[in-house]
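Results of the structural survey
Here's the letter readout for the chains.
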Amino acid sequence: MTATAWNSRTGADLSPGFVWPPFSPPTAELDPQGLPILTSGDGVWLTDKDGKRYLDGVGALEAMAVGHGRTRLVEVAARQMQDLAFLDVFRYSSEPALELAEELIDLTPAGMKKVHFTPGGSEAVEVALKLAIQYHWVRGETSRRKVVTRFGAYHGVTFGAMNCDGRYYATRNDIYLGDTRFGVVAEGPATGPGWGLGARHAAGAPEFAATIEREGPENIAAVIVDACATASGVASAPPQDLTALRKLCDEHGILLIVDEIITGFCRTGKMFAHQLSGVTPDFLTFSKALSSGYMPIGATVVRDRVVDEIAQSEKTDRVFAHGHTYGGHPVACAVALENIKILQEECLADRAREMGARLREGLWSLGHHDAFVDARGVGMLTGLELFPSDEQVGAFGNAVAACGWLRRELRDLGLVTLTVHPGTVFLLAPPLVIEGGEIDRIVELFDAGLTRMEATR
């Protein structure tokens, strides 16, 4: 018989047994004795059905920029639902969609020309990949079908996006991809000044250059990169790396896709991470903090030269035969517009720089723990790396298992965290409205968790 949990709002029983959680076998359940069932959020805090509070150290999986419980966004959504809840986005548009597209063009570099809306991030990457291949196709360069990505990178789970999986979940994705995989992995470590210790987990421009040389530039449609290598050990690349990638792409006629799904909308101390380098990509992909997670929405912003090349084609291929029922959802667009206003009015990019620096300074105080390796990042995007080797983990067996234990222990202590490639780096991306005392609390909880680990192993 399936276990039940009590619904705090209705008093009815909830069965966790019918939900198939992401990246889980069908036997996994949302066990009320295991994973917390959350019922409310306020600022950087989450509360479960039993009243226990958790500090949201990953910002609802990097999406929550303006904080939980923003009545202002709820009210905007309600007004838009009252006016126009939905429409046929294939044949009509809405004022919020038109306004948001104009706002994104204004916010992004000169030369960006069109916006294609999607329901989320994976779908936004899918748009960029399809258009990159179509761009080369209408130019007669039909062999350009490969896309180069960084080892350890993660760009989504739709069919095209998982083709660009940097071996993050590749062993599982290969079930579907078989021999049709078009993604090519550039392996690290990165080289050049400014990378720091995180370079051990990420490829930089020289590694991309070597991969393009090996595969043949005539076969490469695009390079896709997360400017801060979020999933690749949180290796924060110096701005000159993206500059070098832009130059490399231009030399070989390759398009540059900058995936800002995690780094966009003030997370890195700028509105967008690519602004740290001054580079103009050919595609920008957005989601997550575009609406701070209050509504599902994504967007792909496309550069003029791509738009113009496809528009001027005499072939039927000038049509972009792609779209989603919920792309440009009027309620999602209205919420995203208001979310951007909050980001700007409250200067949350500045706050990300200030509080992010405080977080990393605090994490460096954990150096007295022998597991500590490094704390790095940019803005309110930080990676805490633990365990230089498996030798210090004792009964845990290996460093990845030890970090998994610590992540669960931190949750019990009241901190929501996440580990990324190679499994020993904790990604911290709390809401940008976080206060100094809450930053200090994150450090205190890591200190307590590491102390417990030392006593256990």
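Refer to the structure above for everything that follows.
Below is a summary of the structure that appears in this document. (Residues numbered from 1 in each chain as written. Predicted model: local features only at pLDDT ≥ 70, side-chain atom pairs only at ≥ 80, totals over all residues. Heavy atoms only, no water.)

**Description of helix α11 (residues 348-364)**
The end-to-end C-alpha separation of α11 is 24 Å, in line with the 24 Å expected for 17 residues at 1.5 Å each. Turning to α11, the residues buried within the fold contact α10 (330-345), β13 (372-378), β14 (381-386), β17 (425-428) and α13 (436-456). (Helix = DSSP H or I, 4+ residues; strand = E, 2+ residues; numbered from the N terminus. Expected span 1.5 Å × (residues − 1). Contact = heavy atoms within 4.5 Å.)

**Overview of the pairing of strand β4 (residues 45-48)**
Here β4 shows no split at all, with W45 and T47 on one side and L46 and D48 on the other all buried. In the sheet, strand β3 (residues 38-42) pairs with β4 via 4 bridges, with the strands oriented antiparallel. Bridging from a neighbouring strand, S40 pairs with T47 of β4. In this structure, the hairpin formed by β3 and β4 is closed by a connection of 2 residues, where G43 is found at a positive phi of approximately 65 degrees. Bridging between β4 and strand β5 (residues 53-56) involves 3 bridges; their strand directions are antiparallel. Pairing of W45 across the sheet is with L55, part of β5. Taking the residues between adjacent antiparallel strands as the criterion, β4 and β5 are bridged by 4 residues, where G51 takes a positive phi near 90 degrees. (Buried < 20%, exposed > 50% of the residue type's maximum accessible area, 1.4 Å probe, protein only. Pairing = 2+ DSSP bridges.)

**Regarding helix α12 (residues 399-413)**
Taking 1.5 Å per residue, 15 residues should reach 21 Å; α12 reaches 21 Å between its end C-alpha atoms and fits that length. All buried positions along α12 are accounted for by A399, A402, C403, G404, W405, L406, E409 and L410. Residues of α12 that are buried sit in contact with β14, β15 (415-416), β16 (418-420), β17 and α13. With its phi angle positive at about 105 degrees, G414 sits one or two positions after the end of α12.

**Things to note about the sheet that holds β15**
Taken in spatial order, the 4 strands make up an open sheet running β3-β4-β5-β15, and their pairing is mixed. The sheet is open, and its two borders are formed by β3 and β15, each paired with just one other strand.

**Notes on the packing of aromatic side chains**
Applying the stated criterion to the full structure yields 7 aromatic pairs. Ring centres 5.1 Å apart and planes at 80 degrees place the aromatic pair F265 and F272 in the edge-to-face group. Neither F265 nor F272 differs from the other in exposure class; each is buried. On the basis of an interplanar angle of 55 degrees and a centroid distance of 5.2 Å, the ring pair of F396 and W405 is categorised as tilted. Here F396 and W405 have matching classes, each one buried. An aromatic cluster of three or more residues is present, and its members are F265, F272 and F286. (Phe/Tyr/Trp six-rings, centres within 6.5 Å; stacked < 30°, edge-to-face > 60°.)

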